[in-house]
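Listed below are the residues making up each chain.
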Amino acid sequence: MLEKKRIDKSPVELTKKDFVSDQMVKWCPACGNHAILTAVQKVFPEIGYKKENFCLVSGIGCSSRFPYYVDTYGFHGIHGRAAAIASGVKIANTELSLWVATGDGDSMAIGGNHFIHLIRRNIDINILLFNNQVYGLTKGQYSPTTPRGGITKTSPQGTIEHPFNPAGLVMGSQGTFFARVLDNNVKMMSDVMYEAAKHDGTSVVEILQNCVIYSDQAFANIASKEVRDEAQLRLEHEKPMIFGKNMDKGIVLSGNKLRVVTIGENGVKEEDILIHDQYKKDPGIHRMLGRMHPPKYPIALGVIRSAPFNTYDRLMSEQIETAQKSSSIKCVDDLLNSGDTWEIE
Amino acid sequence: MLEKKRIDKSPVELTKKDFVSDQMVKWCPACGNHAILTAVQKVFPEIGYKKENFCLVSGIGCSSRFPYYVDTYGFHGIHGRAAAIASGVKIANTELSLWVATGDGDSMAIGGNHFIHLIRRNIDINILLFNNQVYGLTKGQYSPTTPRGGITKTSPQGTIEHPFNPAGLVMGSQGTFFARVLDNNVKMMSDVMYEAAKHDGTSVVEILQNCVIYSDQAFANIASKEVRDEAQLRLEHEKPMIFGKNMDKGIVLSGNKLRVVTIGENGVKEEDILIHDQYKKDPGIHRMLGRMHPPKYPIALGVIRSAPFNTYDRLMSEQIETAQKSSSIKCVDDLLNSGDTWEIE
Amino acid sequence: MSKNANVVELEDVVVKFVGDSGDGMQLTGTLFSELAAFGGNDLATFPDFPAEIRAPHNTIAGVSGFQIHVGKRKIYTPGDMCDILVAMNPASLKANLKWVKYGATIVLDENNFEGKAITKAGYQENPLEDGSLRDYNVVSAPITDLTKDSLKNQEIDKKFAVRTKNMFALGIVVYLFNQDVKRAVKLVERKFGKKPEIFEANKTVLTAGYKYAKSLETIQTIYKVDAAPMEKGRYRNITGNVATAWGLLAASEKSGRPFFLGSYPITPATEILMELSIHKSLGAKVFQAEDEIAGICSAIGASFAGSFAATTTSGPGLSLKSEAIGLAVMTELPLVIVNVQRGGPSTGLPTKSEQSDLLQSLYGRNGECPVIVIAASSPANCFYYAYLASKLSMEHMTPVIMLTDGYLGLGSELLKIPKVKDLPKIKPPLAKPNEPDYKPYKRDENTLVRKWAIPGTDGLRHRVGGLEKTNIDGNVSTDPLNHQLMVKLREEKVKRVQDFIPEQNVVGEESGDLLVIGWGGTEGALISTVKRMQEENYKISLAHFNYIMPLPKNTKKILSNFKKILVCELNMGQFVNYLKINFPEFHYHQYNKVQGLPFHVNELTEVFKNILEEDKNA
Amino acid sequence: MSKNANVVELEDVVVKFVGDSGDGMQLTGTLFSELAAFGGNDLATFPDFPAEIRAPHNTIAGVSGFQIHVGKRKIYTPGDMCDILVAMNPASLKANLKWVKYGATIVLDENNFEGKAITKAGYQENPLEDGSLRDYNVVSAPITDLTKDSLKNQEIDKKFAVRTKNMFALGIVVYLFNQDVKRAVKLVERKFGKKPEIFEANKTVLTAGYKYAKSLETIQTIYKVDAAPMEKGRYRNITGNVATAWGLLAASEKSGRPFFLGSYPITPATEILMELSIHKSLGAKVFQAEDEIAGICSAIGASFAGSFAATTTSGPGLSLKSEAIGLAVMTELPLVIVNVQRGGPSTGLPTKSEQSDLLQSLYGRNGECPVIVIAASSPANCFYYAYLASKLSMEHMTPVIMLTDGYLGLGSELLKIPKVKDLPKIKPPLAKPNEPDYKPYKRDENTLVRKWAIPGTDGLRHRVGGLEKTNIDGNVSTDPLNHQLMVKLREEKVKRVQDFIPEQNVVGEESGDLLVIGWGGTEGALISTVKRMQEENYKISLAHFNYIMPLPKNTKKILSNFKKILVCELNMGQFVNYLKINFPEFHYHQYNKVQGLPFHVNELTEVFKNILEEDKNA
Ligand SMILES: Cc1ncc(C[n+]2csc(CCOP(=O)(O)OP(=O)(O)O)c2C)c(N)n1
Ligand SMILES: Cc1ncc(C[n+]2csc(CCOP(=O)(O)OP(=O)(O)O)c2C)c(N)n1
Ligand code: SF4
Ligand code: SF4
Ligand SMILES: [Mg+2]
Ligand SMILES: [Mg+2]
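Conventions and cut-offs
- As a convention, each chain's residues are numbered from 1 in the sequence order in which they are written.
- Chain A is the first chain written and ligand 1 is the first ligand written, with later ones labelled in order.
- Note on the predicted model: pLDDT of at least 70 is required for a residue's local features to be given, and 80 or more for side-chain atom pairs to be given and counted; whole-chain, interface and lining totals, by contrast, use all residues.
- To get the side-chain values, take all heavy atoms of the structure and skip hydrogens and water.
- The numbering of helices and of strands both runs from the N terminus, where a helix is a DSSP run of H or I of at least 4 residues and a strand a run of E of at least 2.
- The classification of residues rests on relative accessible area computed with a 1.4 Å probe and restricted to protein chains. Under 20% of the type maximum is buried, over 50% is exposed, and intermediate values are partly exposed.
- In what follows, a contact means two residues having at least one pair of non-hydrogen atoms within 4.5 Å.
- Note that the domain bounds reflect an automated or database-derived domain assignment.
- Salt-bridge detection follows one rule: a side-chain nitrogen of Lys or Arg within 4 Å of a carboxyl oxygen of Asp or Glu.
- We define a polar contact as two N or O atoms separated by no more than 3.5 Å, with the added condition that, inside protein, one atom must be a possible hydrogen donor and the other a possible acceptor, whereas residues neighbouring each other in sequence contribute only through side-chain atom pairs.
- Coordination here is defined by N, O and S atoms within 2.8 Å of the metal (3.2 Å for Na, K and Ca), and since water is not considered, a site can look incomplete.
- Put simply, buried area is the surface a 1.4 Å probe can reach on two separate parts but cannot reach once they are joined, added for both.
- Residues are grouped as follows: Ala, Val, Leu, Ile, Met, Phe, Trp, Tyr, Cys and Pro are nonpolar; Asp, Glu, Lys and Arg are charged; every other residue, Gly included, is polar.

Caption draft 1: Expanded view of the environment of Ile374(D). Residue and element names in this part refer to chain D. Along the chain, Ile 374 turns up in strand S14 (residues 372-375). Accessibility expressed as a relative area gives 0% for Ile 374, which makes it buried. For the pair formed by Ile 374 and Pro 56, sequence separation is 318 residues and the distance between their alpha carbons is 40 Å. In contact with Ile 374, not counting residues within four places along its chain, are Tyr 385, Leu 388, Ala 389, Ile 401, Met 402, Leu 403, Asn 546, Tyr 547 and Ile 548.

As structure tokens, this is what we get:
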């Protein structure tokens with residue numbers, strides 16, 4: 001159970017079932033979103049707060065229907081504004097465990113600005129970024145994460161845009177927490193969500209989510225059984241970055257670059273392999289990890305960065321406390337009578 | 001004179017005077033903007049295009065009054081939308097040398113989303129980012145680049161926000177060109193603007209601009225005569241990163257970090273110093289250079305990154321050409337009669 | 001033809017195909033409409049799909065439908081109630097039964113009317129067995145089984161086989177409708193010609209369905225709708241959204257100005273963006289922006305740069321574009337803003353239709369900020385109104401808001417294909433290179449229109465922007481009298497467009513007991529009702545508006561010729577408010593419906609008669 | 001008192017200080033108003049500064065001014081034309097002479113009336129020499145020299161010395177105005193008390209100015225304005241923007257809901273944000289957002305989370321907030337949106353005032369999207385209307401748009417300081433923990449208001465959002481009849497606010513020849529004119545509206561009691577259009593001005609008389 005600041009713990013032990021709402025889940029059968037929902041319903045009881053202290057905020061998109069399905073407080077916002085709405089919720093009420101459910105379009109197309117500003121401010125909010133590399137709800141247009149050349153309903157000849165790398169964008173915006181998971185691994189998803197909840201500040205969890213209708217198999221090159229061992233590096237704090245079917249591949253730092261090596265080949269020993277430090281403030285290695293992708297590299301999964309910095313909400317509360325201590329204006333009557341006033345008799 | 005694509009060169013030689021408009025310049029006396037204007041009016045004739053092929057687009061802010069003062073085509077937009085307006089101008093009319101004049105508020109507060117998307121798309125537009133770390137025109141509120149703790153009209157107890165590092169944001173958004181200059185060096189400004197014009201794709205030139213009214217001396221720690229030699233690293237392509245009054249300081253790569261060394265001390269030789277490669281595609285070193293700042297490091301000035309990638313506007317033209325070659329629909333009559341049609345007699 | 005079925009000749013028939021989202025009802029419906037169209041019928045269609053992409057199997061939320069209205073006379077709407085319903089599962093039956101006429105034919109796949117599917121649809125009992133369908137002519141067939149059966153000799157995937165069951169249903173309807181099954185096969189070939197196995201399977205199933213129906217005893221009536229007497233010419237079926245896209249492209253070609261679209265997807269306007277994206281061969285530059293604001297701002301930039309630019313959206317997107325529309329007004333640049341209205345407020349009912357963005361279109365901007373507002377009124381005339389919106393925008397150097405709605409945008413009807421050379425000319429007021437005394441805000445005396453001076457042109461350097469500026473010179477100015485002048489000029493410029501639009505026409509007599517007023521997408525229902533009542537000798541006429549700002553010159557005259565005026569809208573009364581502002585001297589009755597549904601002819605007939613009755617009783 | 005000057009007692013006097021942006025005119029003006037206020041006068045002020053921060057020295061663009069209207073009677077406006085103009089340089093004289101009464105006193109710094117300063121101001125010749133000032137009582141003094149001179153014994157920086165010349169000018173006016181110079185010195189001490197050297201210098205110069213004036217032969221008239229008969233109580237001078245900020249804070253305190261502001265700076269609303277930023281001691285959480293959309297969205301989030309939330313902006317920002325206002329309407333959450341109107345459209349005239357965002361406030365959103373709209377009408381009553389906007393918003397669970405304008409926001413007047421305990425109670429409809437049958441959209445029978453259930457509260461878990469939802473349960477729904485019901489409920493809920501607002505009052509008789517109608521910031525000018533004409537026995541009354549949506553219940557009755565109705569607005573007729581929609585049965589005359597300037601009493605008097613004349617001639 002998570003010990004965190006002022007958020008009330010649940011007096012009784014809760015289970016997954018407690019977080020299932022009475023609403024019909026309306027995603028396509030086999031959509032990756034179902035597994036994400038399971039992961040959330042699994043991790044919320046583990047986190048252990050009172051049901052009423054969880055709050056989910058979303059924008060618009062398939063992913064943004066999320067709040068309806070979890071039995072907590074929820075707010076289904078307007079397209080792109082989840083981060084802005086959530087900022088207000090959290091600043092106003094710091095006693096909530098606040099989660100944002102948002103899509104790649106919602107948070108990186110129309111909502112891009114709120115997204116980067118929330119990250120920069122480091123308000124204590126957990127963002128679940130459902131990245132399916134497409135606009136699902138509007139039926140299949142390319143998004144800011146669609147790979148270059150991707151053919152969609154609005155790019156019949158292939159997209160001509162360089163996609164965002166969410167990790168790059170988050171860290172380029174002074175992000176303090178970034179993790180990446182695949183929708184086919186509920187355990188890893190809920191573990192990482194737990195870490196996100198633990199982190200003080202804005203946590204971005206990028207979930208590579210399969211849209212079976214409009215971007216099916218978009219992540220097959222990393223997620224499928226055949227390739228996954230070689231294509232995925234599962235990061236763990238203070239553990240060496242080792243991967244591969246035989247756990248014999250590893251990541252080393254060579255110059256200012258990461259390189260894939262095989263333990264036992266060319267004299268590489270296990271001790272040479274980079275040890276993951278998710279709490280490091282300097283984002284250098286985290287950035288490189290965030291950018292790795294096949295075929296040259298495995299993709300990094302798990303918590304890539306979780307660096308401790310001050311949060312906006314806490315600093316705001318501190319400023320208020322300071323002001324309340326030092327200012328002579330304690331109520332509106334004081335305010336009205338402050339400065340130059342005079343009596344007419 | 002710059003040779004570039006389809007932009008018409010001026011038939012006669014132009015001078016700075018040719019780019020002075022008939023409008024009264026209304027910035028505060030001693031505002032850094034005046035020097036920026038001089039630099040632009042100086043470099044446009046050097047670039048050598050016809051006056052009519054230059055176009056300036058801006059948003060709203062002190063800086064955004066820029067287009068009025070240059071005798072070219074100009075568009076003074078609305079707050080935050082310069083990048084979006086310019087995207088349309090350039091895609092529609094690729095024969096223009098397109099310049100955006102924008103402030104830190106205009107492009108990183110309200111306009112943040114258009115800014116990062118323009119950069120990601122790599123449309124061939126040159127952005128002059130007047131970073132005075134404050135909202136000038138609205139009289140002194142903090143901006144997304146105001147240093148943490150900065151006291152302004154809306155942060156009487158100091159700001160509680162982590163500021164953006166423009167270099168970080170640009171590179172986190174897949175930026176292909178980033179340069180940084182100081183408003184007190186007209187020569188360097190126009191040199192760098194020339195490089196920006198030469199670059200195919202979105203060029204961001206961050207100009208550290210002194211607002212004498214609301215953020216006076218914000219850059220004194222790097223710009224003032226006393227400190228500048230030690231505080232500034234002036235980058236030049238293929239030149240070693242050497243700086244200091246006696247040109248004896250340098251930057252080396254140690255592990256995955258940059259470090260400041262003194263040539264001649266601890267056995268450091270000139271050959272050990274990093275050589276700047278602005279054209280490198282991998283952003284690793286460029287990112288680190290972008291983040292350096294005093295007191296530990298000098299600030300990097302000049303062109304930090306200028307990596308060759310495809311531009312949106314060129315790819316768009318290519319797709320149109322391909323479609324025009326391969327499609328049987330050559331005019332709207334073809335379109336109207338395409339697919340299922342039938343005759344009623 | 002079946003031995004025992006009698007053939008009923010009808011003026012018009014409404015058919016609706018409904019099933020689960022994955023059942024292929026959209027395709028079936030489209031094929032059926034093409035069949036009818038090729039047979040010479042007039043028609044209109046409307047797809048009716050859920051907000052969810054694929055909601056859970058066999059639930060009401062997952063029902064997808066396609067309705068077709070075919071006739072031997074002019075067809076104005078996709079129809080109110082259906083004569084034939086094809087329902088592939090219980091949920092689709094449940095959701096649609098209220099839209100089926102008494103005595104209509106209902107075709108069902110009885111294989112799906114069992115077990116969980118029944119309860120998931122919210123039925124307590126099997127509707128096939130509880131007598132609830134006794135008022136209908138039910139054709140209950142084991143469609144799934146028969147489909148599999150018909151394909152047992154072909155080597156194909158079982159899953160795929162089941163998915164062709166929509167063709168079996170189509171076969172039944174082809175028979176029921178007295179249509180040529182060979183022609184139906186040909187249409188299927190067009191669709192799947194490139195994939196011969198798929199075509200073969202579909203063909204087999206389609207034919208099997210047809211034959212099955214022919215052999216059925218339960219089918220007692222089959223319908224026949226003769227060809228409609230249509231103007232000679234080439235025809236096609238077209239949706240409002242595609243027609244809008246093409247109208248914009250035609251205007252670009254005709255004006256000689258390259259086309260630019262800056263847009264962001266939003267239901268139900270997305271198809272315009274998608275359609276334009278595939279026409280790069282016409283030089284169309286389509287910019288899928290990061291949001292609606294970038295959509296319109298890029299379009300304004302492109303317009304400044306000399307393109308004919310447009311942006312397309314729906315209600316919430318129009319809200320976001322408000323500020324930038326003001327910029328286009330201030331810079332006096334051409335720009336077409338297409339707004340495909342949907343149910344509001346806020347996210348509202350995204351997949352339902354409404355007419356509630358009218359006042360926002362007229363007034364939803366800061367400051368005095370007039371724009372031209374016009375509304376299309378049928379799927380096919382979206383082509384013309386998009387074209388005219390473009391023409392007015394370029395020739396009058398002003399933004400134009402073109403209103404359509406989800407009903408028009410996704411619905412289809414037949415378009416008589418025009419020739420581009422026959423479309424009205426478009427002459428944008430381009431400034432010439434080195435034009436002697438070019439000034440950015442110098443105006444044409446009659447139209448008050450300034451010139452379009454394109455960056456890159458020699459000798460026309462100038463600057464525009466969102467700050468108030470002096471007339472003629474275009475310099476930034478806060479001069480009081482100049483501001484007042486400019487506010488008035490901008491207003492007057494839009495008003496003078498009256499001289500360039502046609503007079504308002506009236507369907508029916510120019511005077512009478514009741515003038516029905518409508519605008520935009522409700523035309524089909526209003527016209528059908530009014531015509532029907534005219535046939536019954538009611539003194540009723542219709543003035544259906546397409547030009548809203550400015551209103552046609554003769555509007556007041558029309559209003560003054562009727563005893564009563566009734567304004568019908570799918571909102572709470574936005575056009576009637578606008579009429580009150582313009583012509584407060586008249587008394588307006590109003591009929592408003594805000595249910596995400598279109599008007600129905602029966603409903604309107606009752607309303608009109610009531611109003612006319614009141615009169616008599618008074 | 002000067003030997004030869006005669007003292008004229010006046011009802012009211014208008015003084016204006018003008019100079020270069022750096023000349024300190026705002027401070028001088030503020031000091032002078034405080035002096036008058038402490039002396040017991042009623043007053044109103046208005047600063048008049050350029051769009052540029054510091055435009056080039058000695059240009060018209062760089063002129064900064066401050067106008068004060070003081071009186072021994074109730075003062076409603078900062079005044080039309082001035083009785084005393086203090087002009088520090090030629091440009092400021094040139095820009096302001098048109099606002100000076102014939103025969104008025106003009107105080108000039110003759111040191112600046114030479115060389116380039118003359119031509120930069122756009123004069124051909126020195127206005128001191130060309131006779132153009134002959135109709136005025138000119139006090140031309142070498143203020144700069146005299147200032148330096150007076151400081152020659154103090155060891156201070158020369159540059160700084162020159163910058164105190166505004167105090168010299170103030171000294172002259174203090175004399176001209178028959179005010180106590182010692183009291184003036186005290187006020188200066190309050191400002192600079194913490195910096196003794198600066199205070200000393202200012203004091204010296206101020207006193208020198210006063211003495212100089214006293215010794216001058218050219219001053220023939222000095223003015224005296226007696227104390228106004230004001231209600232007993234504590235007073236302060238306050239601008240509309242500060243008053244608005246305080247009204248919001250008072251509502252928060254009174255309702256017990258913590259305050260949240262989400263806002264983005266924009267002229268002329270920025271001061272509200274800045275003022276609220278300094279009141280963290282009252283627990284106010286102020287979020288300076290990245291843009292207007294984040295401003296309002298964060299406020300909506302905070303409101304959902306249980307804070308009393310507001311957002312503040314001006315026209316272009318209101319445009320950007322359109323979509324999100326719809327979200328607040330749909331989620332039925334309290335939210336105050338303050339819009340300080342400025343000249344439009346687009347960026348328009350950002351530093352000038354206008355009333356042209358009314359229709360946008362009423363209708364500028366997609367869908368049927370009603371909100372409460374109220375307008376403050378004087379700088380001081382911004383406090384009350386902000387308070388009432390907050391009260392209505394929380395008690396009726398709906399967004400409220402509060403309109404002010406640049407003129408109110410930046411102008412100041414005296415506020416009789418209220419006690420918070422005397423303000424009307426605010427009782428937000430909070431749902432209680434574990435409330436037995438809490439449903440998110442269950443409504444109070446009378447007000448139709450739903451409850452505010454705050455995240456964190458036990459047993460009230462629920463979800464809201466922008467999609468249409470069922471009444472009571474609040475589940476997402478596209479049901480046709482439910483949608484219609486919800487549209488009507490949202491409309492009706494706002495209409496029923498009529499029962500909670502006061503009836504409209506009329507200034508003057510309840511019937512007569514002419515009813516003047518105004519709303520918002522023009523009250524001062526309208527009331528002054530109407531009262532003046534009433535004194536002249538015209539049968540004229542004024543109905544000045546603060547409650548716009550809904551209108552007060554008795555509005556129709558008022559309208560029906562006058563022979564003529566004249567609606568006066570600083571726009572092209574937005575309120576009159578709204579009245580036509582609501583009461584089409586009346587005939588409205590209108591007077592509209594769109595010049596970025598307020599109404600003037602003389603101007604209005606002429607307009608009113610003309611309309612009344614017409615009557616007689618008819
Ligand atoms: C203002 C506005 N613009 C556009 C839309 C239409 N719209 C709804 S969801 C969406 C994109 C969804 O993509 P994403 O965020 O990736 O979510 P997904 O459906 O893929 O989960 C769009 C464009 C809208 N609802 N509101
Ligand atoms: C929609 C809108 N919001 C806000 C404003 C007010 N505004 C004008 S400029 C500005 C900020 C300017 O800051 P910056 O971009 O850094 O430019 P600077 O003046 O510092 O050069 C703001 C908030 C506006 N004009 N329009
Ligand atoms: S469209 Fe894609 S993202 Fe949306 S519910 Fe279906 S599978 Fe999931
Ligand atoms: S306020 Fe600052 S940025 Fe603006 S013109 Fe003055 S010095 Fe320059
Ligand atoms: Mg997506
Ligand atoms: Mg700035």
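Caption draft 2: Up close: the domain arrangement of chain C. Residues and elements named next belong to chain C. Assigned domains within chain C: domain 1 (6-224), domain 2 (236-422) and domain 3 (512-617). Between domain 2 and domain 3, the C-alpha centre-to-centre distance is 26 Å. Contacts between the two partners involve 26 residues from domain 2, matched on the other side by 22 residues from domain 3. Applying the counting rule to domain 2 against domain 3 returns zero salt bridges. Counting every contact that joins domain 2 to domain 3 gives 12 residue pairs in polar contact (both at pLDDT 80 or more).

Caption draft 3: Representation of the coordination of the magnesium ion (ligand 5) in the model. Residue and element names in this part refer to chain A. In the first shell of the magnesium ion (ligand 5), the protein supplies Asp 104 (OD), Asn 132 (OD1) and Val 134 (O), at 2.0 to 2.2 Å from the metal. Read N to C, the donor residues that coordinate the magnesium ion (ligand 5) are spaced as D-x27-N-x1-V. By the burial criterion, Asn 132 is buried, and Val 134 matches it.

Caption draft 4: Region of interest: the environment of Val420(C). Relative to the helices and strands, Val420(C) resides in the loop between strand S16 (412-416) and strand S17 (463-465). Given a relative accessible area of 6%, Val420(C) falls into the buried group. Sequence spacing of Val420(C) and Leu128(C) is 292 residues, and the spatial spacing of their C-alpha atoms is 54 Å. Residues within four places of Val420(C) in sequence aside, it is in contact with Val332(B), Asp333(B), Leu336(B), Glu253(C) and Lys254(C).

Caption draft 5: Structural context of the interface of chain D and chain B. Between chain D and chain B, the contact holds 26 residues from the first and 30 residues from the second. When the buried area of chain D at its contact with chain B is split by residue, Ile53(D), Arg54(D) and Gln288(D) rank highest and sum to 29% of it. The interface formed by chain D and chain B holds zero salt bridges in total. If you look at where chain D meets chain B, you find four residue pairs in polar contact (both at pLDDT 80 or more). No other element matches helix H10 (residues 270-277) of chain D, which puts four residues into the side of chain D that touches chain B. Looking at side-chain class alone, the side of chain D that touches chain B contains 13 nonpolar, seven polar and six charged residues.

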